[in-house]
Each structure stands twice: as C-alpha cells, then as structure tokens.
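Observations on the three-dimensional arrangement
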Amino acid sequence: QAQVVESGGGLVQPGGSLRLSCAASGFTFSSFHMSWYRQAPGKERELVASITSNGGATTYAGSVKGRFTISRDNAKNTVYLQMNSLSPEDTAVYYCRALLMGWNLREYWGQGTQVTVSS
C-alpha cells in the first residue's frame with residue numbers, strides 16, 4: 001500500500017542538470033522525513049540529501065553540497081532533488097526513502113531511477 005516512486009532520471013552531459021522527483025502514496029507524507037540515496041555499481045549506497053518532514057532543515061553529502069538541492073511539496077506528496085553541475089562521479093541509481101521516526105518507526109524505499117552523466 002505505502003510506496004514511493006522515483007522519476008526524472010536519464011542521460012545528461014557533464015556540467016548539465018537534472019531534476020528527480022519522488023511521489024509518495026499510501027501514508028501521511030507530511031509526517032515523514034525524506035531522503036535521497038544513490039548507489040553506483042559495486043559500491044555502497046550513500047546518503048545524498050535529507051529533508052525534515054516540514055521542510056525546515058536539510059542536509060547534504062559533502063560531495064554534492066552546493067550543487068544539489070532537496071525540496072518537498074507536502075501538498076503534492078512529492079520530494080525533489082535538483083542536481084546541477086553534474087559530473088561522471090554522480091552516475092548512479094538514485095533512491096528515495098521515506099522515514100517516520102518515533103514510537104511507530106517506518107521506512108519505505110523506492111525502486112530507484114538511473115542517472116548517467118557522460119559525454
């Protein structure tokens with residue numbers, strides 16, 4: 001029932017931009033912290049960016065800080081990741097995660113969307 005679905009991935013040239021979307025359904029989106037993770041082949045999944053349930057605070061991995069921006073629209077049950085100045089090192093499958101912390105901890109993962117940065 002509860003799910004998050006990523007979209008917006010694709011092929012982009014170095015220096016280009018891409019905007020990912022994650023649509024949530026089946027749960028109270030405004031109660032969940034949201035995060036973007038990425039995983040390249042043969043490598044560990046890493047946290048890219050996070051945003052609190054009300055959008056009041058964000059965090060970024062050092063490798064993307066200043067280039068990526070996470071945002072959310074609780075009215076649309078959607079979280080976004082704006083990616084600028086992309087480099088080949090950003091190539092990975094990008095995953096959306098919803099997290100509810102507290103007495104009723106819940107975690108939902110999306111299926112991922114491929115981002116390829118290549119000339």
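Each remark here, short or long, concerns the structure printed above.
All figures in this text were calculated on a predicted structure; none of them were measured in a lab. (Residues numbered from 1 in each chain as written. Predicted model: local features only at pLDDT ≥ 70, side-chain atom pairs only at ≥ 80, totals over all residues. Heavy atoms only, no water.)

1. Points about the environment of L18
Cut-off, in case you're wondering: The helix and strand labels rest on DSSP assignments: H or I over at least four residues marks a helix, E over at least two residues marks a strand, and numbering proceeds from the N terminus. For every residue, the accessible area obtained with a 1.4 Å probe (protein chains only) is divided by the maximum for its type, and the residue is called buried under 20%, exposed over 50%, and partly exposed between those limits. Whether two residues are in contact is decided by their heavy atoms: any pair within 4.5 Å suffices.
Topologically, L18 is positioned in strand β3 (residues 18-25). Residue class for L18 comes out buried when judged on its relative accessible area of 15%. A sequence separation of 75 residues divides L18 from V93, and the C-alpha atoms of the two residues are 13 Å apart. Once residues within four sequence positions are removed from consideration, L18 is found in contact with G8, G9, G10, L81, Q82, M83, L86 and V115.

2. A short note on unusual backbone geometry
Here the phi dihedral of N77 falls at roughly 55 degrees; this positive angle occurs in a residue that is not glycine. With respect to the helices and strands, N77 occurs in the loop between β7 (68-73) and β8 (78-83). A positive phi angle is found at S85, which is not glycine, with a value near 50 degrees. Position of S85 among the secondary structure elements: in the loop between β8 and β9 (92-100). Under the relative-accessibility criterion, S85 is labelled partly exposed at 43%.

3. Section: the sheet that holds strand β1 (residues 3-7)
Selection rule: Between any two strands, at least two bridges found by DSSP are needed for them to pair. In this analysis, axes come from line fits to C-alpha atoms, helices being fitted only over the stretch in contact, and the angle between any two N-to-C directions falls in the range 0 to 180 degrees.
Read from one edge of the open sheet, four strands run β1-β3-β8-β7, paired in antiparallel fashion. Every interior strand has two partners, whereas the edge strands, β1 and β7, have only one. If you compare each strand with its neighbour and ignore which way they point, the axes differ by 15 degrees on average. Examined bridge by bridge, β3 and β8 share six bridges and lie antiparallel to one another. When the sheet's bridge partners are listed, A23 is paired in β8 with T78.

4. Points about the nonpolar core
What counts, and what does not: We define the nonpolar core as a collection of buried residues of types Ala, Val, Leu, Ile, Met, Phe, Trp, Tyr and Cys that are connected through side-chain atoms lying within 4.5 Å of one another.
Counting residues in each nonpolar core, the largest one holds 31 residues, and the members touching the most others are M34, W36, V79, L81, M83 and Y94. The set of elements that each furnish at least two residues to this core consists of β3, β4 (33-39), β5 (46-51), β7, β8, β9 and β11 (113-117). Looking at this core, the element that brings in the most residues is β9, giving five residues. Ignoring anything within four residues of it in the chain, the contact list for V79 reads L20, S21, C22, F29, M34, W36, I51, I70, S71, R72 and C96.

5. Side note on the side chain of R38
The line we're drawing: Residues adjacent in sequence count toward polar contacts only when both atoms are side-chain atoms; beyond that, a polar contact is any pair of N or O atoms within 3.5 Å, and within protein one must be able to donate a hydrogen and the other to accept it.
Relative to the helices and strands, R38 is located in strand β4. Residue R38 is classed as buried on the basis of its relative accessible area, which comes to 6%. At 2.9 Å, the side chain of R38 and the side chain of Y94 are in polar contact. Dropping the residues within four chain positions of it, R38 is found in contact with E44, R45, E46, V48, S63, V64, F68, E89, D90, A92, V93 and Y94.

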